[in-house]
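Chains, contacts and geometry: an overview
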Amino acid sequence: MQLTRVDQQKQEAETEILRKIAYQVGVDAETVTAQQAYQGVAWTVRERLIDAFNKTQAYWREKDPKFIYYLSAEFLMGRTLTNAVNNLGLEGEFGEAIRKLGYSLEELQSQEQNASLGNGGLGRLAACFLDSIATLSLPGWGYGIRYRYGMFRQGLENGFQSESPDTWLTNGNPWEIPRRDLAYKIGFYGSVQDGKWQPAEQVYAVAYDNPIPGYGTKTVGNLRLFDCQPMSEFKLASFNEGKYSEATEDKRKAEDISAVLYPNDATEYGRELRLKQQIFFVSAAMQDTLARFKKTHKDMKELPSKACFQMNDTHPTIGVAELMRLLIDQEGLQWEAAWDITTKTLAFTNHTVMPEALEKWPVAVIGKLLPRHMEIIEKIDSIWIESLRKKVTAQVGSQSPKNALEKVAGAVKGALEEKTADPVEAALAKYSIITENPWEKGVKLVNMAFMATIGSKSTNGVAAIHSEIIKETIFKDFYELSPEKFQNKTNGVTPRRWLAYCNPGLSKLITETLGSNEWIAKTDQLAGLRKFSDDKAFQKKWRSIKLENKQRLADLIKSRVGISVPTNALYDVQIKRIHEYKRQHLNMFSVVNRYLNIKAASPEERKKMVPRVVVIGGKAASAYVMAKKMIKLVTAVGEVVNKDPDVGDLLKVVFLPDYNVSLAEVIVPGAEVSQHISTAGTEASGTSNMKFQMNGCLIIGTMDGANIEIAQESGKENMFVFGVDAKDIGRLREERKNFKVEDPRWNKIMQFLTSSTFEAGLFQDLVDNVNDMSKANDWFLLGNDFSDYLRAQDEIDALYKDQDAWTKRSILYTAGSGFFSSDRCIDQYAKEIWDVKPCEVPSS
Ligand code: B1N
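Residues numbered from 1 in each chain as written. Predicted model: local features only at pLDDT ≥ 70, side-chain atom pairs only at ≥ 80, totals over all residues. Heavy atoms only, no water.

**Points about the site of the ligand**
What counts is decided by this rule: Only a single heavy atom is needed: when it lies within 4 Å of a molecule or strand, its residue is near that molecule or strand. Between N or O atoms, a polar contact is any pair within 3.5 Å; within protein, one atom must be a potential hydrogen donor and the other a potential acceptor, and residues adjacent in sequence are included only when both atoms are from side chains. We get accessible surface area from the Shrake-Rupley algorithm with a probe of 1.4 Å; when it comes to residues, only the shown protein chains can shield them. Here the term cavity refers to a set of points on a 1 Å grid, laid over the protein atoms alone, in which a 1.4 Å probe fits but cannot get out; the term pocket refers to an open set having protein on both sides within 12 Å along at least five of seven lines, with lining residues being those that place an atom within 4 Å of a point. To qualify as sitting in a cavity or pocket, a molecule needs more than half of its atoms within 2 Å of the grid points.
Around the ligand sit 20 residues, and of these His 351, Asn 491, Glu 683, Ser 685 and Gly 686 come closest. At 2.7 Å, a side-chain N or O of Glu 683 approaches an oxygen atom of the ligand. With respect to the ligand, the backbone of Ser 685 contributes an N or O atom lying 3.1 Å from an oxygen atom. The protein chains hide 98% of the 500 Å² of surface that the ligand would expose on its own. With respect to the pocket detection grid, the ligand is positioned in the largest cavity.

**Comments concerning the pattern of salt bridges**
Under the convention used in this document: Salt bridge, as used here, is a side-chain nitrogen of Lys or Arg placed within 4 Å of a carboxyl oxygen of Asp or Glu. Helix and strand definitions follow DSSP, with helices as H or I runs of at least four residues and strands as E runs of at least two, each counted in order from the N terminus. Between buried and exposed lies partly exposed: a residue is buried under 20% and exposed over 50% of the maximum accessible area for its type, with that area taken using a 1.4 Å probe on protein chains only.
Counted by the stated rule, this structure contains 64 salt bridges. The salt bridge involving Lys 476 is made with Glu 480; its shortest N-O contact spans 3.2 Å. Of this pair, Lys 476 and Glu 480 both sit in helix H21 (residues 476–481), separated by 4 residues, roughly a single helical turn. We classify Glu 480 as partly exposed; its relative accessible area is 35%. Among the salt bridges present, the one from Asp 788 reaches Arg 791, with a minimum N-O distance of 2.7 Å. Linking Asp 788 with Arg 791, this pair stays in helix H34 (residues 782–800), spanning 3 residues, or about one helical turn. Residue classification places Asp 788 among the partly exposed residues on the basis of a relative accessible area of 27%. When salt bridges with common partners are traced through the structure, they connect Arg 179, Asp 209, Arg 224, Asp 288 and Arg 292 into a single cluster.

**With respect to helix H9 (residues 249–257)**
We apply this condition: The directions from the helix axis to the C-beta atoms form the arc being described. Here, two residues are considered to be in contact whenever any of their heavy atoms come within 4.5 Å of each other.
For H9, the complete set of buried residues consists of Ala 254, Glu 255 and Ile 257. Seen end-on, H9 carries its buried residues on one side only, within an arc spanning 140 degrees. The inward-facing, buried residues of H9 contact strand S7 (177–188), strand S10 (201–213), strand S11 (220–230) and helix H10 (272–296).

**Things to note about the domain arrangement of the protein chain**
Defined as follows: Where each domain begins and ends is defined by an automated method or by a domain database. Note on terms: buried area is the combined drop in 1.4 Å-probe accessible area of two parts once they are placed together, counting the loss on both.
Split by domain assignment, the protein chain resolves into domain 1 (1–63 + 80–113), domain 2 (66–78 + 115–392 + 433–490 + 823–836) and domain 3 (495–820). The gap between the C-alpha centroids of domain 1 and domain 2 is 34 Å. Opposite the 22 residues of domain 1 that make contact, domain 2 presents 31 residues. Of the roughly 2100 Å² buried at the junction of domain 1 and domain 2 (both faces included), carbon and sulfur atoms supply 58%. Its largest share of buried area at the contact with domain 2, domain 1 owes to Phe 53, Trp 60 and Gln 113, together 35% of the area lost on that side. Where domain 1 meets domain 2, there are 0 salt bridges. Secondary structure elements with two or more residues in the side of domain 1 that touches domain 2: helix H2 (34–63) and helix H3 (81–87).

**Quick look at the pairing of strand S2 (residues 75–78)**
Regular strands place their side chains on alternate faces of the sheet. Counted only if it meets this: Here, any two strands with at least 2 DSSP bridges between them count as paired.
Of the two faces of S2, the one carrying Phe 75 and Met 77 and the one carrying Leu 76 and Gly 78 are both buried. Of the strand pairs in this sheet, S2 and strand S3 (residues 115–117) are connected by 3 bridges, and their pairing is antiparallel. Looking at the pairing, Gly 78 lines up with Ala 115 of S3.

**Comments concerning the environment of Ala 601**
Positionally, Ala 601 belongs in the loop between helix H25 (584–600) and helix H26 (603–608). What makes Ala 601 buried here is its relative accessible area of 10%. Counting along the chain gives 70 residues from Ala 601 to Ala 671, while the straight-line C-alpha distance between them is 27 Å. Filtering out sequence-adjacent residues up to four positions away, Ala 601 remains in contact with Arg 606 and Met 609.

**Notes on the packing of aromatic side chains**
Note the threshold: To pair, rings of Phe, Tyr and Trp, with the six-membered ring standing in for Trp, must have centres within 6.5 Å; the planes then decide the type, stacked if under 30 degrees apart, edge-to-face if over 60, and tilted in the middle. In this scheme, Lys NZ or Arg CZ marks a charge over a ring once it lies within 6 Å of the ring centre and within 35 degrees of the ring normal.
Taken as a whole, this structure holds 31 aromatic pairs when the rule is applied. An angle of 45 degrees between the planes, with centres 5.5 Å apart, marks the rings of Phe 532 and Phe 538 as tilted. Assessed through its relative accessible area of 4%, Phe 538 is described here as buried. Lying over the aromatic face of Phe 188, Lys 276 brings its terminal NZ or CZ to 5.1 Å of the ring centre. Above the plane of the ring of Trp 141 lies Arg 292, whose end atom (NZ or CZ) is 4.2 Å from the centre.

**What about the packing of H25 against helix H27 (residues 625–642)?**
To be explicit about the condition: Lines fitted to the C-alpha atoms define the axes, with helices restricted to the stretch that makes contact. Angles between their N-to-C directions range from 0 to 180 degrees. In these notes the angle categories are as follows: under 35 degrees is roughly parallel, over 145 is roughly antiparallel, 65 to 115 is roughly perpendicular, and the rest is oblique. Two helices that cross are described as forming a left-handed crossing if the nearer one is turned anticlockwise from the farther one by less than a right angle, and a right-handed crossing if clockwise. Classification convention: Asp, Glu, Lys, Arg as charged; Ala, Val, Leu, Ile, Met, Phe, Trp, Tyr, Cys, Pro as nonpolar; all other residues, Gly among them, as polar.
Here H25 crosses H27 at 15 degrees, and the two axes come no closer than 10 Å. Here H27 runs roughly parallel to H25, going by the angle between their axes. The handedness of the crossing between H25 and H27 is left-handed. Here H25 contributes Gln 584, His 585, Met 588, Val 591, Val 592 and Tyr 595 to the contact with H27, which in turn contributes Met 630, Leu 633, Val 634, Val 637, Val 640 and Val 641. Considering only residue class, the contact of H25 with H27 consists of 10 nonpolar, 2 polar and no charged.

This is the structure in structure tokens:
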């Protein structure tokens, strides 16, 4: 009997997997554990991936297109198996072979460690971007660090966060290709003589390639991560002298550099090791790029037509000085030529306006670790300031301060208003890369964001409102000088991982309804669901899929924290880093209010209440005391509520520990309402809001970040919007000292949290921060937004009682989510910043 092509492929896949299990894993197929089966399958998929990867990279070498290099200290990839199998279109071939081993793809997937080389949104965005770059067949690579330990694992001890190392590489990593022969020297310390740097220490950056499969294309891109290794493994002479620890000292010191991800989100951490990490991967990436470029090009002036480096926040911005150094010291270019190339090759994205996150390195720290870079930065600054001097002098000198005010740029205006002795110098100082530390007299700092803007062809924000805010605040003076450099690129997320693969039930229904699965690559087609939003039969199917996903989430909750939650309750989630600006404590205030309401209600009244399951997940930076207290607030309130017999199934409060990408892949499809409740003007974009929207989860949120655009696309009337406006924040903060929350529910909550229900004093500081204006000022304005937030919460309950109306909205969310695909976002970057065009291997 003749086998069909498909059967043949299935058989081949099975044979390959069995060979891998036998010879790579070294076990008998009859007795494989889930982990061994995972390894066998993963190493087989790896070969398919590498085949396509090699073809893509060879084709790109031949065609020599312009490349985008995405420089990021973080890539939060999560797990790879399902994504690779699906993007490569291997489900058919591999599914049966996996079942024959006695497992499902999902079971094997759960054996994989998450690659958590990122903190939160910024790192996950980088991962979504790689998926879209490959999907659009854009020639592009990511560059970063192969941290041996990623984001710490979070546990709970007595309801407080505990931290343990993320040992993600213990079972090996089938998804990477070590390139031990590809290593770049990175120097530190030492001195500069006549513009020549003699580093006192050197290490190697060793490349590891991680192939990135595109969807619906043969293109497989690359994430190249660097591991740090010493120049010499072992000092035999020291060993022979009996100095054992000295013998391996260099190795230890080098390995420290790529050892661990800094676990801070939206906060800077001004330690020398972090700067070492930054120069380490940026220098390696730039040396790597230049080496490839030079194989086919002689003239460095062609670099901007062949390469663009996108700097993901300030973390890679030492790259401005590094590219200058490489062009001048290594390639022998003159300053002007090097500057021209640099400013045409670099681009910069800002991701936050939180002042504590804007990296400013002390001149002394850069000067010691990277003396040549510091020289270059000083020269960039002085040339820059000189170029402005004439302009500023003309503006300040030509007219009396009074009538100058309307016409001149912000820096000059500011200097004139401040009535400084020398307004010219004062105005120039506002543009300077090197500034005085306002809290430490005499200490000079390098403002990395300023250097990045000056050294780049473009600066962009990550949502419409955020891109406006940066033009009015942190980059005001720079915007007024070169408005054409400033852009918006509203974030997006990959519809593959965040809808098609994490929500197979909904995905199938969408495909059946729209008549094809084209929407996975062309998410605009999701708008076609709009016309079914009132269709009762369709609504019913939509709801039953949600119920299955809720069951999955309930099972996860049960297995992780042992709490049984009912599936007929409204699933309300808030998953994101724990931060005061994200206001998980405001969420908890509303939970306490709900609890007190239940307690005060009669049995009859209780019957009318909508049961709720409140799920909160997220990690707190290890040094962020208040964020850690906020986690304790969730667990402590949860303990009281969950065991109270008066409450029963009307309210459950769950803190899910160790939130990461794969947890999100279960939580997002199972959620019915999701909270995005940052103080207006503080969340640059948010990206989980987009994932919830895609999965038909309703949003309660402030008019902040991408919420605003989500409301535009899915209908503001369909979102539970509350809170003050970003434009009023400054004034409200000033008025805060005399502000009192008039709502009696607020006081009851504050009393409850400081009552004997909890350990004495446990939440006093948290309460004082938002409630005692003699001690604090409620910087994130919980008091101002409180009553409106509870009103929006009531609306949620009311709508949930009308399941058809609720489901209609849910459908409209998904239908309106097309814009938030990272494919749309990357297409805009490619056309409006990078000038990079698709280059796909032709079908042979
Ligand atoms: O970047 C995301 C946005 O969607 C979020 O709104 C924003 O908060 C996030 C220093 C950061 N901004 N800044 C950081 C991360 C690590 C670190 O060490 C800052 N993360 C964001 C994607 O645009």
